[in-house]
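# Breakdown of the fold
Chain residues, written in single-letter form:
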Amino acid sequence: MKNQKDFCLPTYKKLQEKNVIKHENTPIAHVFFNVLSFEGSNTACKKISLFYKRLVENFTKWVNIDFEQYARKDYLSDTNPRKKFRYVPFTLTIDMTPQIKDNTFLEVKTSVKLYKRKTMISEKNINHLWNLKNGTLQIMKRQQPKV
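Quick summary incoming for the structure in this document.

The rules we used
Residues numbered from 1 in each chain as written. Predicted model: local features only at pLDDT ≥ 70, side-chain atom pairs only at ≥ 80, totals over all residues. Heavy atoms only, no water. Pairing = 2+ DSSP bridges. Helix = DSSP H or I, 4+ residues; strand = E, 2+ residues; numbered from the N terminus. Buried < 20%, exposed > 50% of the residue type's maximum accessible area, 1.4 Å probe, protein only. Core = buried A, V, L, I, M, F, W, Y, C linked by side-chain atoms within 4.5 Å.

Here six bridges tie strand S2 (residues 26-39) to strand S3 (residues 90-101), and the two strands are oriented parallel to one another. Its bridge partner lying in S3, Ala29 is registered against Phe90. Sheet topology note: the S3/strand S4 (residues 105-116) ladder contains twelve bridges and is antiparallel. Bridge pairing links Gln99 to Glu107 in S4. Hairpin connection of S3 to S4: three residues between the antiparallel strands, including Asp102 at a positive phi of 55 degrees.

Okay, structure coming up:
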């Protein structure tokens with residue numbers, strides 16, 4: 001059995017947060033964060049936890065600056081005088097799903113989706129694979145399509 005201090009099997013919990021972006025009290029975007037919080041005392045757990053903490057900080061910064069400007073521009077470009085009552089806000093979601101693989105790796109699948117009127121406008125999926133012994137992010141080769 002591996003020494004517990006040499007190996008990181010982090011406990012995690014999903015934290016759900018919701019943020020509503022408004023323009024003059026009219027909702028123009030709903031943002032849902034479903035992110036991970038890691039607990040662990042060894043170096044590997046601390047590295048992984050710090051990475052996702054910074055990822056969420058950067059995402060939040062992007063939402064509060066760039067995405068808010070994007071949503072506001074969309075709202076202001078609507079010339080209908082009744083837009084305050086009929087405007088359909090954007091929905092932006094971020095979801096992180098962890099999975100332990102072979103008690104050696106932690107795979108975290110991150111999905112970011114943008115919707116308008118129940119139609120997906122954009123989707124970005126990112127997968128990270130972490131070595132739980134030393135907390136290093138693994139580089140995965142992309143598979144070449146078979147011809």
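Turning our eyes to something else, we now look at unusual backbone geometry. Even without glycine at this site, Asn103 takes up a positive phi of about 50 degrees. Within the secondary structure, Asn103 is located in the loop between S3 and S4. The exposure class assigned to Asn103 is partly exposed, which follows from its relative accessible area of 49%. Although it is not a glycine, Lys118 adopts a positive phi angle of roughly 65 degrees. On the secondary structure map, Lys118 appears in the loop between S4 and strand S5 (119-131).

A few words now on the nonpolar core. By size, the foremost hydrophobic cluster in this structure holds 27 residues, and its most contacted members are Phe67, Leu92 and Met96. Breaking this core down by element, the ones donating at least two residues are S2, helix H1 (43-77), S3 and S4. Ranked by the residues each element gives to this core, the list is headed by H1, at eight residues.

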